[in-house]
Amino acid sequence: MKEEIVIALAGNANVGKSVIFNQLTGLNQIIGNWPGKTVERAEGILKYKNRTIKIIDLPGIYSLSAYSQEEIVSREFIAFEKPDVVVNVVDASNLERNLLLTIQLLELHVPMVLALNQIDYANKKGIDIDAKKLSNLLGIPVVKTVATKGKGLEALSDAIIEMAEHVRDKDIKSYDINQERVLNYRSEIKETVMNIYKILLKNNIDIIEAYHPMWIALKLIEEDKDIIEKLKNKKGGEEAYKAIIEEIGILKSKFNDSLSTIVTSDRYKIASYITNECTTVKENKFTLNDMLDNIALDKFWGYITMTAVIFLAFYGIFNFGGYFSEILSNFFDGFKPFIYNLSIPIMYKDILWNGLIEGFISAVTIVLPYILPFYVFLAILENTGYLARIAFLTDKIMHKVGLHGKALIPILMGVGCNVPAVLGTKILETDREIFIASFMATLVPCSARIVIILGTIGIFMGPQYALAVFAFDVLVVYIAAFFANKIAPGKPYDLIMELPGYRMPALKPTLKQIWFRIKDFLYVALPIIIIGSFALEILKYLNLFKYITYLTNPIIVKWLGLPSIVGIVLIFGVLRKELTLIMLLTLSGTTVITQILNPRQMVIFGVVTMLYIPCIATIAALKRTIGWRKTIWIVFLNIFGAILIGGIINQLWGFLLK
Amino acid sequence: MMEKRIEYNENCNNLIPLTCLKKGNKGKVIKIDACGFAVQRLNEMGLVPETEVKVLRNGILSGPVEIKVRNSHLVIGHGLASKIYVKAV
């Protein structure tokens, strides 16, 4: 009996894989990143029948090609970490498409169990699947599950344990593709696979220790860059590859299509055959789903619905956020006397309170009130399937800046708070899109910046000027994204998205998902925020601001035409944007902003504050989402952009209003 | 980026881009004239040669196209959809 069983969950997006993971592992989870990748890695423990089962939730993928990091991470995990069992979660209501991945996993020849999930949903669509027949056709155990309701999970766990105990003899030395029952490709491919297999075996390439030689042969036929590279780096690989190329050349000459298209066609032929054999479709009635889509995706009503949903949700989030943020701030401020009543020098009190506790408070008062409701909203949007509808409706306009429709939601969220906006960009597919979207999100005025603009320009110059500044910012965001799209490495791709059916999100798994995301953020953000506030407080006590203004004056005074003191308050704004205005008034010893800034300076101050740098909590969110290197890029671009635009306004103002 | 063109022996005169199919019409995928990555992705989502697709919706102002393929609903950006050539059925 094995002490610990390691299993990997593999499956498409939107099949309920994460729900199964959450249901099995409960709260024993570790969420991090795959080494050297920005792909999220979730790991958990299940104690079942005196066994310890370690579960790794692989990213949601449609295939095992090498086109995305998620796919590479998944297949390398299966090949090199060799989990005892791979659990393939498939959507019963969309079997044929899901079987494509199943077939590719079978090609790896690893022990597998199939979880036929969302059976209830399939039944609703009039689809009935014979699980026994499917199990026979695939040659692996099949368990029917409804993960959201916890149904079938015990049977699944039993099947996993049984599969892990199963002794397998993997004699790759005498493999013959003609013995395969399921993997029935056209004869030309089979022949080439066997020829490549023989070459690999003859040259004794040790890559076959990790991946099954049959899978390697297929990948080489598909011209998979990653496997070709891995092969060439092995001893004798270069030589073997030459012989293999010849084999592939012969195969290529037999078809008009690319070989990867041919292989995928064959896989679909198998998937199609299996699906037809084991499913019965009762009637193809006009479902509630179609009815909802006739409204949600309509050329007119679709946009009305979307605007209403977003408006109501954001209105709710900001109100809830603002309300709770204040309650929490007041609550924490209540502790201030405790610190200041301590009998230690005032300097220590300040450092303790402003440097350490204030940092913690700002994290909590931002995180709890804004991130929590936003995550709830995002989870509902995502899990009901409505997010995909928004992506459909807004794809055209986002496409212009190299993004897809999905990006709209996190970017809009920036209006409340940039932190959840940046974290929310994780719903996008590629690193490139996540970079552009987070960059856009950092330039959207959050509630703190809106307060600054309204509190200066809005009050003393008139609301129309404040509105003009916001309109200008929208333009800046769009132009910035346009340039980011130009400079970001890689190229934008057109939208290819599955439109999932509408679902009722399951409460418990959704709450767990939200909790883990928040916890995960706090771990990264708290230290960064606290260290940042601490450093600033030290700076203040060492009285280094004098020297700082020497450095900032050329830009602040000469180029931007602002009072020298702004150089200092902008530094504090890194902690929280509100501090720029508060510090400006405090340090100047007045409460009337017009005594410090004239209208021209007010506009420049407003624009610069809006753009100049993400606050420290946002920087922490950026680090979590895109890593330090790209974060520094965004910070640099923000600072540079703010100085450039502020300066241009300053020069133009003087020129136009002379 | 290398363009991977897929050539067919068939008479190409009756091939039309997917974007030209009207709502509710069906077509058979014949060729995809896009870069390797996009072709692979579309293949994987079920759009391999000879697959029948049905147009469910066309987005406003050259927005994306929604199709039904192998019983699943797929949304494809307009630019890419116009590179998918089908034979109307």
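In this text the structure is predicted, and so the values were computed from the model without any measurement. (Residues numbered from 1 in each chain as written. Chains lettered and ligands numbered in written order. Predicted model: local features only at pLDDT ≥ 70, side-chain atom pairs only at ≥ 80, totals over all residues. Heavy atoms only, no water.)

Student: Hey, could you run me through the overall build of chain B in this one?
Tutor: Check the secondary structure of chain B and you find two helices and six strands. When burial is assessed residue by residue, chain B has 57% of its 89 residues classed as buried. Partitioning the intrachain contacts of chain B with sequence separation of at least 6 by distance along the chain shows that 60% fall at a separation of at least 24. (Helix = DSSP H or I, 4+ residues; strand = E, 2+ residues; numbered from the N terminus. Buried < 20%, exposed > 50% of the residue type's maximum accessible area, 1.4 Å probe, protein only. Contact = heavy atoms within 4.5 Å.)

Student: Where do I start with the confidence of the model for chain A in this structure?
Tutor: As a note on interpretation, predicted positions should not be read in detail where pLDDT is low. When pLDDT is averaged along chain A, the result is 87, and 98% of the positions lie at 70 or above. No element of chain A has a lower mean pLDDT than strand S2 (residues 29-33) of chain A, at 75, and none a higher one than strand S8 (residues 142-144) of chain A, at 97. (pLDDT = per-residue confidence, 0-100.)

Student: Where do I start with the sheet that holds strand S1 (residues 15-17) of chain B in this structure?
Tutor: Hydrogen bonds between backbone groups are what pair the strands of a sheet, and the pairing can be parallel or antiparallel. Strand order in the open sheet formed by seven strands is S10(A)-S5(B)-S4(B)-S3(B)-S2(B)-S6(B)-S1(B), with antiparallel pairing between adjacent strands. Bordering the open sheet on either side are strand S10 (496-498) of chain A together with S1 of chain B, each of which pairs with just one other strand. This sheet shows a mean twist of 40 degrees between the axes of neighbouring strands, independent of strand direction. Alignment of strand S4 (residues 65-69) of chain B against strand S5 (residues 72-76) of chain B, held across five bridges, turns out to be antiparallel. If you follow Lys 68 of chain B over to S5 of chain B, its bridge partner there is His 73 of chain B. (Pairing = 2+ DSSP bridges. Axes fitted to C-alpha atoms, helices over the stretch in contact; angles between N-to-C directions.)

Student: Mind showing me how you'd approach the environment of Ile 643 of chain A here?
Tutor: Residue and element names in this part refer to chain A. Looking at the secondary structure, you find Ile 643 in helix H27 (residues 616-656). According to the relative accessible area criterion, Ile 643 is partly exposed, its value standing at 25%. In contact with Ile 643, other than residues within four places in its own chain, are Ile 555, Trp 559 and Leu 560.

Student: Help me understand the sheet that holds strand S3 (residues 40-48) of chain A in this model?
Tutor: Residue and element names in this part refer to chain A. Spatially, seven strands are ordered S2-S3-S4-S1-S5-S6-S8 in an open sheet, and the strand pairing comes out mixed. The open sheet has two edge strands with one neighbour each: S2 and S8. Going from strand to strand, the sheet's axes swing by 25 degrees on average, the running direction of each strand aside. Where helix H3 (residues 95-107) meets the sheet, it contacts strand S1 (4-11), strand S5 (85-91) and strand S6 (112-117), and its direction lies at approximately 165 degrees from that of S5. Across the sheet, helix H5 (residues 131-138) lies against S6 and S8, angled at about 155 degrees from S8, the strand it touches most.

Student: Is there a simple way to think about the pairing of S1 of chain A in this case?
Tutor: Put simply, side chains in a regular strand alternate between the two faces of the sheet. Residue and element names in this part refer to chain A. Counting buried residues in S1 gives seven out of eight residues, a clear majority hidden from the surface. As paired elements, S1 and strand S4 (residues 51-57) share six bridges and run parallel to each other. Note on S4: the bridge partner recorded for Ala 8 is Ile 56. Relative to S5, S1 runs parallel, the two being bridged by five bridges. Paired with Ala 8 across the strands is Val 86, a residue of S5.

Student: I keep staring at the UniProt feature "binding site: Mg(2+) 2" (unreviewed entry) in chain A and nothing clicks. Help me out?
Tutor: All names here are of chain A. When the UniProt feature table is mapped onto this chain numbering, "binding site: Mg(2+) 2" (unreviewed entry) sits at Thr 25 and Gly 26. Ignoring any residue separated from it by four or fewer positions in sequence, one finds Thr 25 in contact with Gly 44, Ile 45 and Ile 55. Within polar-contact distance, the side chain of Thr 25 engages the backbone oxygen of Phe 21 at 2.7 Å. With respect to the helices, strands and loops of the structure, Gly 26 is situated in the loop between helix H1 (17-25) and S2. Gly 26 has contacts with Lys 512 and Phe 516, leaving out every residue within four places of it along the chain. (UniProt positions renumbered as here; feature names shortened; annotations may be inferred. Polar contact = N/O pair within 3.5 Å; in protein donor to acceptor, adjacent residues only side chain to side chain.)

Student: Can you walk me through the pairing of S5 of chain B in this structure?
Tutor: Within S5 of chain B, five of the five residues are buried, which leaves it mostly tucked inside the rest of the structure. Burial of the side chains of S5 of chain B extends over both faces: Ser 72, Leu 74 and Ile 76 of chain B are buried on one face and His 73 and Val 75 of chain B on the other. Two elements, S10 of chain A and S5 of chain B, share three bridges in a ladder whose sense is antiparallel. Note that in S5 of chain B the partner of Ile 496 of chain A across the bridge is Ile 76 of chain B.

Student: Help me understand the environment of Lys 630 of chain A in this model?
Tutor: Residue and element names in this part refer to chain A. The residue Lys 630 is located in helix H27 in this model. Separated by 347 residues in sequence, Lys 630 and Glu 283 have C-alpha atoms that sit 52 Å apart. Sequence-distant contacts of Lys 630, defined by excluding residues within four places in its chain, comprise Asp 431 and Phe 435.

Student: So what exactly am I meant to see when it comes to the packing of aromatic side chains here?
Tutor: Aromatic ring pairs are defined here through the distance separating the ring centres and the angle between the ring planes. Residue and element names in this part refer to chain A. Scanning the model with the defined rule gives 16 aromatic pairs over all chains in all. Ring centres of Phe 300 and Trp 301 lie 5.0 Å apart, and the angle between their planes is 75 degrees; on these two criteria the pair is classed as edge-to-face. Relative to Tyr 315, the ring of Phe 311 has its centre 5.9 Å away and its plane inclined at 20 degrees; by these criteria the two rings are stacked. Of the two residues, Phe 311 and Tyr 315 are both situated in helix H13 (residues 301-333); the distance of four residues between them amounts to about one turn of the helix. An aromatic cluster is built from Phe 331, Phe 332, Phe 335 and Phe 338, whose rings are joined through pairwise contacts. In this structure, Lys 486 is placed above the aromatic ring of Phe 482, and the distance from its NZ or CZ to the ring centre is 4.5 Å. Cation over ring: Arg 503 sits above Tyr 121, and NZ or CZ is 3.8 Å from the ring centre. (Phe/Tyr/Trp six-rings, centres within 6.5 Å; stacked < 30°, edge-to-face > 60°. Lys NZ or Arg CZ within 6 Å of the ring centre and 35° of its normal.)

Student: How do you make sense of helix H24 (residues 566-573) of chain A when you look at a structure like this?
Tutor: Because the α-helix completes a turn every 3.6 residues, residues three or four places apart line up on one side. Counting buried residues along H24 of chain A, seven of its eight residues qualify, which places the element largely inside the surrounding structure. For H24 of chain A, the complete set of buried residues consists of Val 566, Gly 567, Ile 568, Val 569, Leu 570, Phe 572 and Gly 573 of chain A.

Student: I'm lost on the pattern of salt bridges in this one. Help?
Tutor: Side chains that differ in sign of charge can pair as their charged atoms come close. Residues and elements named next belong to chain A. A full pass over the atoms with the stated rule returns 24 salt bridges over all chains. Close ionic contact of Arg 97 with Glu 498 constitutes a salt bridge, the shortest N to O distance being 3.3 Å. Residue Arg 97 is found in helix H3, and its partner Glu 498 is found in strand S10; the two are separated by 401 residues along the sequence. Comparing Arg 97 with Glu 498, the two get one shared label, buried. Note that Lys 252 is salt-bridged to Glu 223, the shortest N-O span being 2.9 Å. (Salt bridge = Lys/Arg side-chain N within 4 Å of Asp/Glu carboxyl O.)

Student: Where do I start with the interface of chain A and chain B in this structure?
Tutor: Bring the parts together and some accessible area is lost; that lost area is often taken as the interface size. With 39 residues of chain A at the interface, the matching set in chain B holds 40 residues. When chain A packs against chain B, the two sides together hide about 3,600 Å² of surface, and 57% of this comes from carbon and sulfur. Its largest share of buried area at the contact with chain B, chain A owes to Tyr 67, Phe 392 and Ile 496 of chain A, together 19% of the area lost on that side. In this assembly, chain A and chain B are joined by two salt bridges. Taking the shortest distance from any N to any O, the salt bridge between Arg 70 of chain B and Glu 96 of chain A comes out at 2.6 Å. Sorting the residues of the side of chain A that touches chain B by element identifies H3, helix H11 (259-278), helix H12 (288-296), helix H16 (386-399) and S10 of chain A as the ones contributing at least two each. If you tally residues by element for the side of chain A that touches chain B, the top one is H11 of chain A, at six residues. Residues of the side of chain A that touches chain B, tallied by class, amount to 12 nonpolar, 12 polar and 15 charged. (Buried area = accessible area lost by both parts, 1.4 Å probe. Nonpolar A, V, L, I, M, F, W, Y, C, P; charged D, E, K, R; others polar.)

Student: Please clarify how the environment of Arg 267 of chain A should be interpreted in this entry.
Tutor: All names here are of chain A. Here Arg 267 is to be found in helix H11. Of the residues examined, Arg 267 reaches a relative accessible area of 1% and is grouped as buried. On a C-alpha basis, the gap between Arg 267 and Gln 104 in space is 8.2 Å, while along the polypeptide they are 163 residues apart. Leave out the neighbours within four places in its chain, and Arg 267 touches Leu 100, Ile 103, Gln 104, Glu 107, Tyr 185, Leu 218, Lys 219 and Glu 222.

Student: Where do I start with helix H8 (residues 213-221) of chain A in this structure?
Tutor: Residues and elements named next belong to chain A. Of all the nine residues making up H8, nine are buried; the element is thus mostly covered by neighbouring parts of the structure. Three or more residues of H8 are buried, namely Pro 213, Met 214, Trp 215, Ile 216, Ala 217, Leu 218, Lys 219, Leu 220 and Ile 221. Of the residues flanking the end of H8, it is Glu 223, one or two places downstream, whose phi is positive at about 60 degrees.

Student: Is there a simple way to explain the nonpolar core in this structure?
Tutor: Nonpolar side chains in soluble globular proteins tend to be buried together. Residue and element names in this part refer to chain A. Counting 113 residues, the largest nonpolar core has Leu 403 and Ile 409 as the members making the most contacts within it. Sequence-distant contacts of Ile 409, defined by excluding residues within four places in its chain, comprise Ile 310, Phe 314, Phe 374, Phe 377, Leu 378, Leu 381, Leu 387 and Ile 390. Judged by nonpolar contacts, the second largest core, of 82 residues, contains Leu 138, Ile 199, Met 214 and Ile 274. (Core = buried A, V, L, I, M, F, W, Y, C linked by side-chain atoms within 4.5 Å.)

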